[in-house]
Amino acid sequence: ASSGGECWIVGGNGGATVQAGPTGSLLSFAHGAPPTSLTNLRLVGTVNSECELLWMENCSFASPGPWALNQSALHISAGRAELHGITFTHLLAGAMQVSGGYVRVWDSVLANNMARRGAAADVSGGVLIFVRSALTDNTASDGGGALAVSAGFVLLLNQSLLEGNAAPHGGSMLMKGAGIVAYG
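Summary of the structure given here. (Residues numbered from 1 in each chain as written. Predicted model: local features only at pLDDT ≥ 70, side-chain atom pairs only at ≥ 80, totals over all residues. Heavy atoms only, no water.)

## Re the overall build of the protein
Counting secondary structure elements, the protein contains zero helices and 22 strands. Split into buried and exposed, the 184 residues of the protein put 47% on the buried side. Partitioning the contacts of the protein with sequence separation of at least 6, the portion at a separation of at least 24 is 61%. Of the roughly 7700 Å² that the protein leaves accessible, carbon and sulfur atoms contribute 54%. (Helix = DSSP H or I, 4+ residues; strand = E, 2+ residues; numbered from the N terminus. Buried < 20%, exposed > 50% of the residue type's maximum accessible area, 1.4 Å probe, protein only. Contact = heavy atoms within 4.5 Å. Areas by Shrake-Rupley, 256 points an atom, 1.4 Å probe, with all protein chains shown as cover.)

Right under this line is the structure:
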């Protein structure tokens, strides 16, 4: 639904499943798209956003299948994303990729994901802030079990948990390039 230059998709009290097609791509919000809200949804596929504002609340991501092994569940390349109560678990190509913009994740779980780098988040630009979120038991085949940061800024705040992650290089975190990570 949309109104007054905004778009929202709401799953109701019991939630709803939104399933991707054979490519694994589910939703794309291009630069200049109106503010968008996704609430109470089970998302099976990849969401790409560079819109002004993406608001997500009480959503979960599920892996769409083996055809999407090179696509993280959520890719933010510009704009602002506010993610509250999001569950990223058992994803085969990682939870998030941040290459630009400003992303704040709070009261969320990023657990038991797999990827080549940064199974919870692969950050190559922008700002990513975790507040009261758990990044646990993620596995990367190359480096950065939970986080791989090559550029941009990552901040873990207010009881955010980073544990049980595994990778050959940087079990929980791999830092390469000009990226900055702070924990407080």
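## Thoughts on the packing of aromatic side chains
Per the counting criterion, the structure on display carries two aromatic pairs. Ring centres 5.7 Å apart and planes at 65° place the aromatic pair Trp55 and Trp106 in the edge-to-face group. Here the residue Trp55 occupies a position in strand S8 (residues 53–57), and Trp106 occupies one in strand S13 (residues 96–106), the gap between them amounting to 51 residues. Of the residues examined, Trp55 reaches a relative accessible area of 27% and is grouped as partly exposed. Take Trp106: its relative accessible area is 14%, and that puts it in the buried class. (Phe/Tyr/Trp six-rings, centres within 6.5 Å; stacked < 30°, edge-to-face > 60°.)

## Observations regarding unusual backbone geometry
Across the chain, the bulk of peptide bonds are trans and the bulk of non-glycine residues have phi less than zero. Residues other than glycine seldom take positive phi values, yet Asp137 does so here, at roughly 55°. By the element assignment, Asp137 lies in the loop between strand S17 (134–136) and strand S18 (139–143). Of note in the backbone geometry, Asn158 takes a positive phi value of approximately 45° without being a glycine. Within the secondary structure layout, Asn158 lies in the loop between strand S19 (147–157) and strand S20 (161–163).

## Observations concerning the environment of Gly32
Along the polypeptide, Gly32 turns up in the loop between strand S4 (25–29) and strand S5 (36–39). You can call Gly32 exposed: its relative accessible area is 66%. Considering only alpha carbons, one finds Gly32 and Cys51, 19 residues apart in sequence, at a separation of 5.7 Å.

## Some details on the pairing of S13
Of the pairings in the sheet, the one linking strand S10 (residues 74–76) to S13 comprises three bridges and is parallel in character. By the bridge assignment for S13, His75 is matched with Gln97. Alignment of strand S11 (residues 80–84) against S13, held across five bridges, turns out to be parallel. Looking at the pairing, Ala81 lines up with Val103 of S13. Sheet topology note: the S13/strand S16 (residues 121–131) ladder contains nine bridges and is parallel. Note that in S16 the partner of Val103 across the bridge is Leu128. (Pairing = 2+ DSSP bridges.)

## Side note on the pattern of salt bridges
The full count for this structure, using the stated rule, is five salt bridges. Between Arg117 and Asp122 there is a salt bridge, with the nearest N and O atoms lying 3.5 Å from each other. One exposure class covers both Arg117 and Asp122, and it is buried. What you see here is one network of salt bridges that share partners, running through Arg80, Glu82 and Arg104. (Salt bridge = Lys/Arg side-chain N within 4 Å of Asp/Glu carboxyl O.)

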